[in-house]
Amino acid sequence: HNKATADTSIYLLNEDIIKQKLRYSTIENMLRKAIEQDGFEMVYQPIYHVKDQQFLSSEALVRLKDNTTVGFVSPEEFIPIAENKGLIMELGEIVFTKVCAFTQEQKLPDRGIEYIEVNLSGIQCVHPDLPSQLHQIMKKYAIAPGFINLEITETAFVESGEMLQENMLKLRQMGCSFSMDDFGTGYSNLSRMAEVVYDLVKLDKSLIWPCFNSEMSAETNKANAILENIIKLLQQLNVNIVAEGVETEAMANYLNDRGVTHLQGYYYSKPINEGDYLDFLTTATLNRVIS
Ligand code: C2E
Ligand code: MG
Ligand code: MG
Ligand code: MG
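Residues numbered from 1 in each chain as written. Chains lettered and ligands numbered in written order. Predicted model: local features only at pLDDT ≥ 70, side-chain atom pairs only at ≥ 80, totals over all residues. Heavy atoms only, no water.

- The name an unreviewed UniProt entry assigns to the protein chain is Putative sensory transduction protein, from the organism Acetobacterium woodii.

Some thoughts on the site of ligand 1
Part 1 of the reasoning: Not every one of the 25 residues close to ligand 1 is listed here, only the nearest: Arg 63, Asp 181, Lys 205, Glu 247 and Tyr 266.
Part 2 of the reasoning: Contact between ligand 1 and Arg 63: an oxygen atom at 2.8 Å from a side-chain N or O atom of the residue.
Part 3 of the reasoning: Taking 800 Å² as the accessible area of ligand 1 by itself, protein coverage stands at 88%.
Part 4 of the reasoning: Comparing atom positions with the cavity grids shows ligand 1 to sit within the largest pocket.
Part 5 of the reasoning: Put simply, the parts of the chain that give the shell around ligand 1 at least two residues each are strand S2 (54-64), helix H2 (75-84) and strand S5 (177-183).
Part 6 of the reasoning: The element best represented in the shell around ligand 1 is S2, accounting for 4 residues.
Part 7 of the reasoning: When its residues are assigned to classes, the shell around ligand 1 shows 10 nonpolar, 6 polar and 9 charged. (Near = heavy atom within 4 Å. Polar contact = N/O pair within 3.5 Å; in protein donor to acceptor, adjacent residues only side chain to side chain. Areas by Shrake-Rupley, 256 points an atom, 1.4 Å probe, with all protein chains shown as cover. 1 Å grid on protein atoms, 1.4 Å probe; cavity = no way out; pocket = protein on both sides within 12 Å on 5 of 7 lines; lining within 4 Å. Sits in = over half its atoms within 2 Å of the grid points. Helix = DSSP H or I, 4+ residues; strand = E, 2+ residues; numbered from the N terminus. Nonpolar A, V, L, I, M, F, W, Y, C, P; charged D, E, K, R; others polar.)

Brief notes about the coordination of the magnesium ion (ligand 3)
Part 1 of the reasoning: Protein coordination of the magnesium ion (ligand 3) is provided by Asp 181 (OD), Asp 182 (OD) and Glu 244 (OE), with donor distances spanning 1.8 to 2.5 Å.
Part 2 of the reasoning: Ordering the donors of the magnesium ion (ligand 3) by residue number gives the pattern D-D-x61-E.
Part 3 of the reasoning: In this structure, the magnesium ion (ligand 3) is positioned 3.7 Å from the magnesium ion (ligand 2), and both are ligated by Asp 181. (Donors = N, O, S within 2.8 Å, 3.2 Å for Na, K, Ca; no water.)

Below, the structure written as structure tokens:
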């Protein structure tokens, strides 16, 4: 009967693969439709600046408006599909256009916002058209490049060579700044940390959360040692640190005590739509102070 069990599991595996393929191609179709028919929207997650005790920046995150066809599809799922299907440059153009249009329409720089972080996928980063694409959009909406901070993942930094450097140099000369995103989840190729230039490093939540397990264990202690020393290392490299996934007051206080300068997470705000973000900026939370 061993054989029967094995056969059944192969059958189930096939069914899963078929389901997965179907979902994948459905999402691909949703993406194509969304590109044609304005099917994306941006949400914004405020970032708390510890020194100024204010929300002076935020991260723009893309969403598919269609939440019915296959349920909620996170960018974690659809960005790789867009990359594999050759749609990411078009999607990136839509994202950047939406951010710049919103910035201009709502005069974000006049509301005390210093910059918006926009995510770039690894493929966008090494595309020769990227600098001119972004330049044209900023020009169209009269956005000062200093208002734009481009997030590039640690993995993209490490994997990409000359083209990335060339694109970054051009964009930096225009005035854009850069964040190294998802720090701690890639190859953590520390030797490259000295070679590339970035203004902010974003600590991934996977570095932070294990330090706050309810039970103190040897693992929690190790996670603490790693986080504390990564913070020290980055401080010695003279970069500003953004902590991602700050969900509790305990996390906020811990990071604040260790001199992390920027905090982002559900404790402060989830990513919110444009209208709610504008409300957020005008309410008392603007001056939230960590006790
Ligand atoms: P990311 O750039 O590292 O973004 C942070 C993710 O963590 C976001 O998920 C955000 O909603 C989530 N997050 C923030 N604070 C907390 C928290 O306190 N708790 C928890 N559980 N989650 C938190 P999201 O929006 O689903 O985005 C996932 C990833 O998709 C992003 O990771 C980024 O890599 C990619 N992405 C999102 N928008 C874009 C975009 O416009 N362009 C590109 N190329 N990639 C994007
Ligand atoms: Mg990001
Ligand atoms: Mg991140
Ligand atoms: Mg991430």
